[in-house]
Amino acid sequence: MSGEEDSVLTPQVYAGRHRVPAHDTLEYAEGVNISADDIDRLDSLVEAWLPLPDVAEILGISVTKVQRLIEDFHLVEVRRGTPKVCSVPAEFLRDGAVLPHLRGTIMLLHDQHFADHEIIEWLFTDDASLPGRPIDHLRSGQRGEVRRRAQSLGF
């Protein structure tokens, strides 16, 4: 490196949409390995999970296209179970399609620096000010109030 003194490059790994410093394993990357407590909390909130191949079958697309939906913020996933499998909450889908108002809410929460598992937790946790869970409001087409609550999280 022309004239630079002992420049150290930090290796990077790619995990979903995020580039993070590499540690001993890829599992360190955000969203790839969340704590067992986080998984238990999500499992207590989310009734049913779908692995990506099941999502692909329901949507009538390939698993690669499902991964593209995740990269484009239409869906969020977590790795859960034994062995770890990328899974999506079943309530993100309805009538063979992704909920229409989900993407904007996911993007808004990502802009607030929420990790994927935090987005799922927020969407499935009761909010007394709504009242109810944000995911239920999105499923009924009421995105405005949900997004106002999500925007207020950044302040």
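Keep in mind that what you see is a predicted model, and the values were worked out from it rather than measured.

## Comments concerning the nonpolar core
- Judged by nonpolar contacts, the single largest core of 35 residues is most densely connected at Val55, Leu75, Phe92, Leu102, Ile120 and Leu123.
- Leaving out residues up to four positions away in the same chain, Phe92 has contacts with Leu75, Val76, Ala97, Val98, Leu99, Leu102, Ile120, Leu123, Phe124 and Ile135.

## Brief notes about the packing of aromatic side chains
- This model, assessed by the stated rule, comprises 1 aromatic pair.
- Ring centres 5.9 Å apart and planes at 40 degrees place the aromatic pair Phe92 and Phe124 in the tilted group. Placement of the pair is Phe92 in the loop between strand E5 (85–89) and strand E6 (93–94) and Phe124 in helix H5 (residues 116–124), with a sequence separation of 32 residues.

## A closer look at the environment of Leu69
- Its place among the elements puts Leu69 in helix H3 (residues 63–71).
- Residue Leu69 is classed as buried on the basis of its relative accessible area, which comes to 19%.
- For the pair Leu69 and Arg103, spaced 34 residues apart in sequence, the C-alpha to C-alpha distance is 9.4 Å.
- Each residue touching Leu69, except ones within four places of it in the same chain, is listed here: Leu59, Ile61, His74, Leu75 and Val98.

## Description of the environment of Val85
- Structurally, Val85 is set in strand E5.
- The class for Val85 is partly exposed, based on a relative accessible area of 34%.
- Placed 34 residues apart in sequence, Val85 and Pro51 show a C-alpha to C-alpha distance of 6.6 Å.
- Discounting residues that sit within four places of it in the chain, Val85 has contacts with Pro51, Val78, Arg79 and Arg80.

## What to know about the confidence of the model for the protein chain
- Summary statistics for the protein chain give a mean pLDDT of 83 and a share of 78% for residues scoring 70 or more.
- Of the regions scoring below 50 in pLDDT, residues 1–31 engages in 39 contacts with residues more than four places distant in sequence or in other chains.

## Here we look at helix H1 (residues 36–45)
- For H1, every residue scored as buried is listed here: Asp38, Ile39 and Leu42. Looking straight down H1, one finds that the buried residues subtend no more than 100 degrees of arc, so they occupy a single side. Opposite the packed face of H1, turned more than 90 degrees from it, sit the exposed residues Ala36, Asp37, Asp40 and Ser44.
- On the buried face of H1, the contacting elements are strand E3 (49–51), strand E4 (78–80) and H5.

## So, the pattern of salt bridges
- The tally for this structure, following the rule as stated, stands at 9 salt bridges.
- A salt bridge links Arg68 to Glu71; the nearest nitrogen and oxygen atoms lie 3.5 Å apart. Taken together, the positions of Arg68 and Glu71, both in helix H3 and 3 residues apart, correspond to about one turn of that helix.
- When its relative accessible area of 36% is taken as the criterion, Glu71 is described as partly exposed.
- Residues Arg133 and Glu91 are paired through a salt bridge, measuring 2.9 Å at the closest nitrogen-oxygen approach. One end of the pair, Arg133, is in the loop between H5 and helix H6 (134–139); the other, Glu91, is in the loop between E5 and E6, and 42 residues separate them in sequence. Glu91 matches Arg133 in its accessibility class, with the two residues each being buried.
- Through salt bridges with shared partners, a single ionic network connects Asp38, Arg41 and Glu121.

Criteria and thresholds
Residues numbered from 1 in each chain as written. Predicted model: local features only at pLDDT ≥ 70, side-chain atom pairs only at ≥ 80, totals over all residues. Heavy atoms only, no water. Core = buried A, V, L, I, M, F, W, Y, C linked by side-chain atoms within 4.5 Å. Buried < 20%, exposed > 50% of the residue type's maximum accessible area, 1.4 Å probe, protein only. Contact = heavy atoms within 4.5 Å. Phe/Tyr/Trp six-rings, centres within 6.5 Å; stacked < 30°, edge-to-face > 60°. Helix = DSSP H or I, 4+ residues; strand = E, 2+ residues; numbered from the N terminus. pLDDT = per-residue confidence, 0-100. Arc of directions from axis to C-beta. Salt bridge = Lys/Arg side-chain N within 4 Å of Asp/Glu carboxyl O.

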